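Below are the chains, spelled out letter by letter.
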Amino acid sequence: MQYKAKSGFSQFINTIEETLIALFLGAMTIITFANVVARYVFNANILWALETTVFLFAWLVLIGASYCVKTRSHLGVDVILQMVSPGLRRILAIIAVAACLAFSVLLLIGSWNYWAPFAALPMLDGTLKDQAWYEVNDIPMIGFLRFLEDSINQGEAYEKIPRLIPYAALPIGMALLTYRFIQLAWQILRGETDMIIASHEAEELVEEASAKADRED
């Protein structure tokens, strides 16, 4: 069962996830294509293309992880779940989503503590490590981001974009993942679903495709 947003906030999160995934995938495709053309047609190279693609892929994966929780696209083994009673299946689902939620919270804490120094923000234990001057290797600084120099870098100019921008994928991705697991836990507690995966649907699709092929033969 695919989750359907019932509130304005949920719909807002859905729109953000889907829009960012589409943008990142499109940008990766365009940059990679442009770099291939530059290299093999013009014997040149877009210096920042590879690093940009790597960062975009990281954003795509981390945001895609939460999106797949919403759409139940994560792979799983449901052999035992299909054999037990609905009541026991619901109990197992509660245990599973509790473990996933605990794991995502730990990842959120770790990702914030890793990213916070690059944004000159305190870690969750109150420790402040100012690493806002750290830059990426190849991606040049973008003009409209120059305000960061005064706000977090004590007025010092950036030659490359600060690491806080691409590394923000970690806390944002983990926050979205935690949010999705909270949603899923609420659905299970309300009795709207009793599974956190939908792997059996893939088997049904394969069976339908096989049956269709047999009819055509």
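Residues numbered from 1 in each chain as written. Predicted model: local features only at pLDDT ≥ 70, side-chain atom pairs only at ≥ 80, totals over all residues. Heavy atoms only, no water.

Undergrad: Outline helix H7 (residues 169-189), supporting the account with residue identities and numerical values.
TA: Note: α-helices contain 3.6 residues per turn, so residues at a spacing of three or four share the same orientation. Compared with an ideal rise of 1.5 Å per residue, which puts 21 residues at 30 Å, H7 spans 30 Å between its outermost C-alpha atoms and is within 8% of the ideal. Summarising burial for H7: 15 of the 21 residues are buried, a large majority. Phi turns positive, to about 80°, at Gly191, one or two residues after H7. (Helix = DSSP H or I, 4+ residues; strand = E, 2+ residues; numbered from the N terminus. Expected span 1.5 Å × (residues − 1). Buried < 20%, exposed > 50% of the residue type's maximum accessible area, 1.4 Å probe, protein only.)

Undergrad: Residue-level account of the packing of helix H1 (residues 8-40) against helix H2 (residues 49-71), with values.
TA: Running from N to C, H1 and H2 point in directions that differ by 150°, and their axes come no closer than 9 Å. Here H2 runs roughly antiparallel to H1, going by the angle between their axes. Considering the relative orientation of H1 and H2, their crossing is left-handed. Between H1 and H2, the residues in contact are Asn14, Glu17, Glu18, Leu20, Ile21, Phe24, Leu25, Ala27, Met28, Ile31, Thr32 and Asn35 and Ala49, Thr52, Thr53, Leu56, Phe57, Trp59, Leu60, Ile63, Gly64, Ser66, Tyr67 and Lys70, respectively. Broken down by class, the residue content of the contact of H1 with H2 amounts to 14 nonpolar, seven polar and three charged. (Axes fitted to C-alpha atoms, helices over the stretch in contact; angles between N-to-C directions. Parallel < 35°, antiparallel > 145°, perpendicular 65-115°, else oblique. Left-handed = near helix turned anticlockwise from the far one by under 90°. Contact = heavy atoms within 4.5 Å. Nonpolar A, V, L, I, M, F, W, Y, C, P; charged D, E, K, R; others polar.)

Geometry only, nothing functional implied.
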